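Take a look at the letters that make up each chain.
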Amino acid sequence: MTGGGRVLDGALVRAGGLVKRFGDFEAVRGIDVDVRRGEAFGFLGPNGAGKSSTMRMIACVSPRSGGELSVLGMDPDRDGPRIRARLGVVPQQDNLDVELTVRQNLHVYGRYFGLSRARVRAKADELMVFAQLSDRAGDEVEPLSGGMKRRLTIARSLVNDPELLLLDEPTTGLDPQARHLLWDKLFRLKQQGVTLIVTTHYMDEAEQLCDRLVVMDDGRIAAEGSPTELIKRYSTREVLELRFSPGEQEDAQQRGIAELADRVEVLPDRLLLYTDDGEVALEAVHGRGVRPASSLVRRSTLEDVFLRLTGRTLVD
Amino acid sequence: MPRMGPSFAETPMTAAIGSTGTGGRVVSSPRAAWLRVEGHWQWYRRHWHATVFSGIAQPVLFLVAMGIGFGSQVEPSTATRGMSYLVYLAPALLVTGALQNAVGESTYPVLSGFKWQKDYLAVVATPITPGQLLAGQLIWVAMLVSGNGLAYLLIASLFGALAGPGVLLSLLVAVLTAMACSAPIMALSASINNDVNVFNGLFRFVVMPMTLFAGTFFPVTQLPGWAQPVVWLTPLWHGTELSRGAAFGELGLWPAAGHLAYLAGLFTIGVLLARWRFRRRLVV
Ligand SMILES: Nc1ncnc2c1ncn2[C@@H]1O[C@H](COP(=O)(O)OP(=O)(O)O)[C@@H](O)[C@H]1O
Ligand SMILES: [Mg+2]
């Protein structure tokens, strides 16, 4: 570890009652978070939950409005530059210099961290391999695809060998293949000992990437735990999804199928029956003479956790 | 810190991320600003041709059209300080060109850093601070304007438009005048969001009238009496007076000190304003 804050208890980020206000509006309403060295930590929540505001405070680019915050054992208000020297930041919106080449972006950015020219050159070559952009090294960034720009932004965030990598919605806007590729890369980074903090509104991303996460809604933390823990605590093992022909869903609700499950969620386009055995529940539904247009038994996900906690779906 | 064996031996991907936390450090403020200049230079290496027209060709074209073309109809007189119109015009156009160049560099490119390209947001996520970012931007504009001014002087000398080596002092004056305008305009650019009409207004109602009436093309004494005090308020008039004085070697100490104080004061206020606005915009 380079000089500066010593992290005695392994908490790289520690927030207590952390608040962010924009004028009268409270975007982050007193959250408590501990991120340990070496883990992949997630903020899962819908748009507007306050994830980016939180990430920007951790990244030491946005001063907190209240509460306590320490990053790498230091106070962002006092030691912003020293902390930032050891962070990697992938903002929600790419902010590459699109009039420079891929290589120039990495060079110039690396220099801001006090790296020598030789070091930055070598680093840029490595990172372009990492991001699979070596064959575009001399091309300007402007015409690159969204996925390539995102990969370059991520590569850029690694130029200073960060101890802590902050990724704000890293895969939003990427196609499924590119997402999986990226998850794989992030997983390997974690194996290398980089601590990751990820925000996302995709429950599959949170499940894939995070050892531990908080569910965030409306500036508050609604729950905390590992994906499996959260599912166990707030949902059942399985979910039976029932879809109906137009107009028939209400009819089904009136036949008392709510009794057939631990809990029922009514969505505009389907009913969700939470139960430990979906097949058994489906038979019971049929037994009541209810004939859904289609049915599906699946395992519970973080989406169900979110629905349970907030009464809303994550992505509308 | 030595980077140890295993990560070196592995694939580039692993090496890229091999040892964590040994990379970044905080650099001193002057160095931070200079690293921003390096960044601008990287841009310039690829895109210099996009700056040649506004920075060099435009003042040269004015020199040719007005100094040589129109000037052929102008007799040397007390109004031209006894010089040919071309020689009279050259040091003033140096200042005017530098000022326009600097204003251009301080408007859209700066707003873009905040708003469109957002590359300023990337910079302040590194150890670089908003103040250092601003310093780098100002130094870069000063360097660009100096380089373009020097190119203009070289071309002007081919036309025999230069009175003597005093024009090198004029170049310094031109850069000071340009920066005295650049700094407050950067503060403005850091303060506006959607209303780029502000820029159009700035060019149309400030820069253009200043160029036409603040002593570049004819002495201010030719203006009606009420207009002269207005002109005295413009940085361009102070710059033009200084530049001609330096070029022709006929500058009184006290007037020179007054002009310099005005320009230095405007620059200082501009820097303070810009630093405040940059912080306001970037630290939210
Ligand atoms: N700079 C800002 N000024 C005013 N309001 C803001 C600003 N940034 C974010 N907000 C508001 O704060 C809330 C949380 O935003 P954000 O942190 O971006 O949420 P998320 O990243 O979870 O979508 C939103 O209602 C957003 O409009
Ligand atoms: Mg966000």
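Up top you'll find the structure we're talking about.
Thresholds applied
- Residues numbered from 1 in each chain as written.
- Chains lettered and ligands numbered in written order.
- Predicted model: local features only at pLDDT ≥ 70, side-chain atom pairs only at ≥ 80, totals over all residues.
- Heavy atoms only, no water.
- 1 Å grid on protein atoms, 1.4 Å probe; cavity = no way out; pocket = protein on both sides within 12 Å on 5 of 7 lines; lining within 4 Å.
- Points joined across faces, edges and corners; volume = space filled by probe spheres on them.
- Helix = DSSP H or I, 4+ residues; strand = E, 2+ residues; numbered from the N terminus.
- Nonpolar A, V, L, I, M, F, W, Y, C, P; charged D, E, K, R; others polar.
- Donors = N, O, S within 2.8 Å, 3.2 Å for Na, K, Ca; no water.
- Buried < 20%, exposed > 50% of the residue type's maximum accessible area, 1.4 Å probe, protein only.
- Contact = heavy atoms within 4.5 Å.
- Salt bridge = Lys/Arg side-chain N within 4 Å of Asp/Glu carboxyl O.
- Polar contact = N/O pair within 3.5 Å; in protein donor to acceptor, adjacent residues only side chain to side chain.
- Phe/Tyr/Trp six-rings, centres within 6.5 Å; stacked < 30°, edge-to-face > 60°.
- Lys NZ or Arg CZ within 6 Å of the ring centre and 35° of its normal.

1. Details of the layout of surface pockets
Now for step 1: Reported here for the largest pocket is a volume of approximately 890 Å³.
Now for step 2: As for the largest pocket, its lining consists of 44 residues, of which B:W43, B:G104, B:E105, B:Y108 and B:P109 are closest to the centre.
Now for step 3: Mapped by element, the contributors of at least two residues to the lining of the largest pocket are α3 (102-111) of chain A together with α3 (29-47), α4 (49-69), α5 (85-106), α6 (108-114), α7 (119-123), α8 (130-158) and α10 (197-213) of chain B.
Now for step 4: Considering each element in turn, the lining of the largest pocket owes the most residues, seven residues, to α5(B).
Now for step 5: Taken together, the residues of the lining of the largest pocket break down into 21 nonpolar, 17 polar and six charged.

2. A look at the coordination of the magnesium ion (ligand 2)
Tetrahedral coordination by four donors sets the ideal angle at the metal to 109.5 degrees; octahedral coordination by six donors sets it to 90 or 180 degrees.
Residues and elements named next belong to chain A.
Now for step 1: Coordination of the magnesium ion (ligand 2) by the protein involves S52 (OG) and Q92 (OE1), with metal-donor separations of 2.0 to 2.1 Å. Here Q92 lies in the loop between β5 (87-90) and α3 and S52 lies in helix α1 (residues 51-58), a separation of 40 residues in the sequence.
Now for step 2: Relative accessible area serves as the criterion here: at 40%, Q92 is assigned to the partly exposed category.

3. Topic: the interface of chain B and chain A
Now for step 1: In this assembly, 41 residues from chain B lie in contact with 47 residues from chain A.
Now for step 2: The tally of links from chain B across to chain A stands at three salt bridges.
Now for step 3: Where A:R117 meets B:E38, a salt bridge forms, and the shortest distance between an N and an O atom there is 3.1 Å.
Now for step 4: Taken together, the links from chain B to chain A amount to 18 residue pairs in polar contact (both at pLDDT 80 or more).
Now for step 5: Listing elements by their share of the side of chain B that touches chain A, those giving two or more residues are α2 (12-16), α3 and α7 of chain B.
Now for step 6: Here the element with the most residues in the side of chain B that touches chain A is α3(B); it accounts for nine residues.
Now for step 7: The class makeup of the residues in the side of chain B that touches chain A is 19 nonpolar, 14 polar and eight charged.

4. A look at the environment of B:R31
Now for step 1: Residue placement: B:R31 occurs in helix α3.
Now for step 2: In sequence terms B:R31 and B:Q132 are 101 residues apart; their C-alpha atoms lie 8.9 Å from each other.

5. Observations regarding the packing of aromatic side chains
Now for step 1: For the coordinates displayed, the defined rule picks out 13 aromatic pairs over all chains.
Now for step 2: Considering the side-chain rings of B:F62 and B:F217, the 6.0 Å spacing of their centres and the 40° angle between planes classify their relative orientation as tilted. Residue B:F62 is found in helix α4, and its partner B:F217 is found in the loop between α10 and α11 (227-232); the two are separated by 155 residues along the sequence.
Now for step 3: Directly above the ring of A:Y274 sits A:R263, whose terminal nitrogen or CZ lies 4.2 Å from the centroid.

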